[in-house]
Amino acid sequence: MIRDHFRVLKVDLSTGRGQIEEIDGRDTCAGGSGLAALLFGRMGFPDRTWEDPEQPLVFAIGPLTGYFPLMSKVVCAFKSPYHGQYAESHGGGRSALSLRFADLDALVITGKAKRPSFLTVGARKLELRDVHYLWGKSVQRTGQMLRRMVGGSGHRSILRIGPAGENRSAMACINVDTYRHFGRLGGGAVMGAKNLKAIAIVGDESFDLPAGKEYGQLFRNIYEQVTETSMMDKYHNLGTPINVALLNKIQALPCRNLQRTSDEAISGITGETFAERTLLRNTACSGCPVGCIHLGFLREKFSEPNQYLYRQVTYDHEPIFAMGAMLSVLDAFQVLRLLEIAEKAGLDVMSAGVALAWATEAFEKGLLSEKETLIPLKFGDAGAYAQAVKHLGTGTNDFYRLLGQGTLKAAEQYGGMDFACVLGQEMGGYATGEVFFVSQALGFRHSHLDAGGYSYDQKQKGKDVAQAVEFLVQDEKARVLLTSMVSCLFAREVYKEALVADCLNAVGYRTLAENLDSVASRIQKMRWQTRLKTGFDPGSVKIPERFKQVVTWKGPLDTNYLDILQRSYTQKIREMAKPEENN
Ligand code: SF4
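The paragraphs below set out a description of the structure included in this document. (Residues numbered from 1 in each chain as written. Predicted model: local features only at pLDDT ≥ 70, side-chain atom pairs only at ≥ 80, totals over all residues. Heavy atoms only, no water.)

## Overview of the overall build of the protein
And step 1. Counting its secondary structure elements, the protein contains 25 helices and 19 strands.
And step 2. Over its C-alpha atoms the protein spans a radius of gyration of 22 Å, differing by no more than 12% from the 25 Å that the globule rule assigns to 583 residues.
And step 3. With the C-alpha coordinates aligned to their principal axes, the bounding extent of the protein is approximately 65 × 60 × 50 Å.
And step 4. For the protein, the residues scored as buried account for 61% of the 583 residues in total.
And step 5. Here the analysis covers contacts within the protein between residues at least 6 apart in sequence; of these, 69% occur between residues at least 24 apart.
And step 6. Distance from the positive charge centre (69 side chains) to the negative charge centre (64 side chains) of the protein: 4 Å. (Helix = DSSP H or I, 4+ residues; strand = E, 2+ residues; numbered from the N terminus. Rg over C-alpha atoms; globule rule 2.2 N^0.38 Å. Buried < 20%, exposed > 50% of the residue type's maximum accessible area, 1.4 Å probe, protein only. Contact = heavy atoms within 4.5 Å. Lys, Arg positive; Asp, Glu negative; His and termini not counted. Charge placed at Lys NZ, Arg CZ, Asp CG, Glu CD.)

## Regarding the site of the ligand
And step 1. The environment of the ligand is formed by Leu70, Ser72, Lys73, Arg180, Ala284, Cys285, Cys288, Cys292, Ile293, Cys488 and Phe490.
And step 2. According to the grid-proximity analysis, the pocket containing the ligand is the largest cavity.
And step 3. A breakdown of the residues in the shell around the ligand according to their chemical character gives eight nonpolar, one polar and two charged. (Near = heavy atom within 4 Å. 1 Å grid on protein atoms, 1.4 Å probe; cavity = no way out; pocket = protein on both sides within 12 Å on 5 of 7 lines; lining within 4 Å. Sits in = over half its atoms within 2 Å of the grid points. Nonpolar A, V, L, I, M, F, W, Y, C, P; charged D, E, K, R; others polar.)

## Some details on helix α7 (residues 213-228)
And step 1. With 16 residues, α7 should reach 22 Å at 1.5 Å per residue; the first-to-last C-alpha distance of 22 Å fits that figure.
And step 2. Listing the buried residues of α7 in full gives Tyr215, Leu218, Ile222 and Val226. Buried residues of α7, seen end-on, are gathered within an arc of 75 degrees and therefore sit on one face of the element. Facing away from the buried side of α7 by more than 90 degrees, the exposed set consists of Lys213 and Glu228.
And step 3. Where α7 is buried, its residues meet α21 (497-507). (Expected span 1.5 Å × (residues − 1). Arc of directions from axis to C-beta.)

## Considering the sheet that holds strand β6 (residues 106-110)
Through backbone hydrogen bonds, the strands of a sheet pair up, either in parallel or in antiparallel fashion.
And step 1. A sheet is described by the order of its strands in space; here six strands give the open sequence β2-β1-β6-β3-β4-β5, paired in mixed fashion. Both edges of this open sheet fall to β2 (17-24) and β5 (86-91), since each of them pairs with a single strand only. Averaged over all neighbouring strand pairs, the angle between strand axes comes to 20 degrees, with direction disregarded.
And step 2. Looking at chain direction, strand β1 (residues 5-12) and β6 are connected through five bridges and run parallel. Within the sheet, the bridge partner assigned to Asp12 lies in β6 and is Thr110.
And step 3. Packed on one face of the sheet, helix α2 (residues 32-43) meets β1, β2, β3 (57-60), β4 (74-79), β5 and β6 and runs near 115 degrees to β2. (Pairing = 2+ DSSP bridges. Axes fitted to C-alpha atoms, helices over the stretch in contact; angles between N-to-C directions.)

## A look at the sheet that holds strand β14 (residues 293-303)
And step 1. Ordered in space as β13-β14-β15, the three strands form an open sheet in which the pairing is antiparallel. In this open sheet, the two strands that pair with only one neighbour each are β13 (279-283) and β15 (307-315). Adjacent strand axes in the sheet meet at a mean angle of 35 degrees, parallel and antiparallel pairs treated alike.
And step 2. In this structure, β13 lies alongside β14, joined through four bridges in antiparallel fashion. In the strand pairing of β14, Arg281 is matched with Leu295.
And step 3. Of the strands in this sheet, β13, β14 and β15 touch helix α10 (residues 271-278), which is tilted by about 105 degrees from β13.

## What to know about α2
And step 1. An ideal rise of 1.5 Å per residue puts 16 Å on 12 residues; α2 measures up with 16 Å between its terminal C-alpha atoms.
And step 2. The buried fraction of α2 amounts to 10 of the 12 residues, a majority that puts the element mostly inside the structure.
And step 3. Buried within α2 we find Gly32, Ser33, Gly34, Leu35, Ala36, Ala37, Leu38, Leu39, Phe40 and Met43.

## Notes on empty space enclosed by the protein
And step 1. Within the structure shown, the criterion is met by two cavities of 30 Å³ or more.
And step 2. Size it by volume and the largest cavity reaches roughly 120 Å³.
And step 3. Along the lines of polarity and charge, the residues of the lining of the largest cavity split into 11 nonpolar, three polar and two charged.
And step 4. The computed volume of the second largest cavity comes to approximately 60 Å³.
And step 5. Lining the second largest cavity, in full, are His90, Arg445, Leu449, Asp450, Glu476, Arg479, Val480, Thr483, Leu489 and Arg527.
And step 6. If one sorts the elements of the lining of the second largest cavity by residue count, helix α20 (residues 465-483) sits on top with four residues. (Points joined across faces, edges and corners; volume = space filled by probe spheres on them.)

## Considering the pairing of β6
And step 1. Burial runs high along β6: five of the five residues are buried.
And step 2. Of the two faces of β6, both are covered, the one formed by Ala106, Val108 and Thr110 as well as the one formed by Leu107 and Ile109.
And step 3. The pairing of β3 with β6 spans four bridges and is antiparallel. The residue of β6 that forms the bridge with Val58 is Val108.

## Remarks on unusual backbone geometry
And step 1. Omega for the peptide link from Glu304 to Pro305 comes to 0 degrees, which places this bond in the cis form.
And step 2. Along the polypeptide, Pro305 turns up in the loop between β14 and β15.
And step 3. Residue Met485 is joined to Val486 through a cis peptide bond whose omega torsion reads 0 degrees.
And step 4. By the element assignment, Val486 lies in the loop between α20 and α21.
And step 5. Positive phi outside glycine occurs at Arg168, with the angle close to 60 degrees.

## Some points on the pairing of strand β9 (residues 156-160)
Both faces of the sheet carry side chains from a regular strand, because those side chains alternate between them.
And step 1. The buried fraction of β9 amounts to five of the five residues, a majority that puts the element mostly inside the structure.
And step 2. Taking every second residue as pointing to the same face, both faces of β9 are buried, with Arg156, Ile158 and Arg160 on one and Ser157 and Leu159 on the other.
And step 3. Examined bridge by bridge, β9 and strand β12 (residues 196-202) share five bridges and lie antiparallel to one another. Within the sheet, the bridge partner assigned to Ile158 lies in β12 and is Ala200.
And step 4. In terms of strand pairing, β9 meets strand β10 (residues 174-176) through two bridges, oriented antiparallel. Residue Arg160 lies in a different strand from β10, and its bridge partner there is Asn175.

Right, here's the structure in full:
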């Protein structure tokens, strides 16, 4: 499995055929984020629309995938329906290990199938099946049917879309093995535009682990760090929802469409409450001993007098913030119900919740009426939101279809730009201040995980612009290294650069291990170059007024600091993307 090139399966849906390509670049692009940018550079069309059938949909793993704990993610790359530019979305489940055991470093899908289709790939398998009968089916129903159709349970990963992806909503996610997602920037719509309802990756190959003591000893050390020290405890224990109460306490939790940064009734949806009242069990991505995935239960009466069925719904900080705090839905079970509806439709729950929070305020202000929203939207009204999420997922009318293209697109038509909580895309669940707002607004994925701006806001007291920008650049670079391996970013305190080098040495990637710093810089630049080539202009990003009115534990936001920071980071991104610096 150790090789100095990438082994890439390219599938053309128009013909149903695929071919293996061996592509150079292991020592310069590593894998994951680096490999995805390399492949898009070779096979993508920066000047054509995202819907062009020839645009590639890329799934890439890294050189450490499957060898060490938490090296369990896949980078999905595509031209995004949300902003028409190059984008990455990261997901886990069994997808990473399935690609590894299918003996592939990447899967690239081009073309458009003639009929709604289901693609199965493996080390010795490639099949494109007509599944027109699944078109229109929910993510859950599709999963149930596909699991019966594909063997190899435990060794295969099933990626699928729901009605939102079929309708080409820019908020459509790709569901991975039920409880994980390629969530943001509309990967689900890319599959929908390709007539691709689902993909099964079958890990039907096997390979030997590295010989000698070095690998085994290193694996044991890392395994002990992530299971026996307190490093990863918060992720397994309460999970990311531990942040809900913490952020609320310091006035940094976006609530009620960011009209507030805390809510006195937050106790109904904190991580502690979810654990006490709703938690059924934890589960994990393949290759991860941490198990941060928390599954709550929803009960439904299907017959009198006391006949119930229950379903499992995954929850995290970001979904709780978006469908709970932002909508003032402050009951854990009601939040789970909204999450389940969004999951069935194949909607990204963060984008959907933030978009509906804007719609609610626009409704209150008279910019929208029931003619558009079909039901009166009111903060806290979970019943109304249950219907609204369905409408958003299926694109019931012009309004919901437009909102599904992004909150700003709807605000351009109906008004309400000032209170659209959009930082490049619908905001993440942190209202910590200037550095986070700039980080998400300009960040490569417009994700709270691009760099730790939310953490910087909480730890640093001063307002040194140069220091803050340097932090964003260096922290992004460190994360790019990990997303090229491809590690779960929750393990970023474990996998520091020296340890990553040890891991690469242990499995045999010695040249890569020796040059990690320059490789990370190269990939960081390459990603930005690809992004700008497909149309991203960091200078045109606007941070809506609502963010400038935010009050946190530090007091009112400093708009002057925010503006200078934004200009300075914009400048830095342009410098990083300069072609002559990509050597
Ligand atoms: S920590 Fe959670 S998201 Fe990360 S690999 Fe483990 S189970 Fe998956």
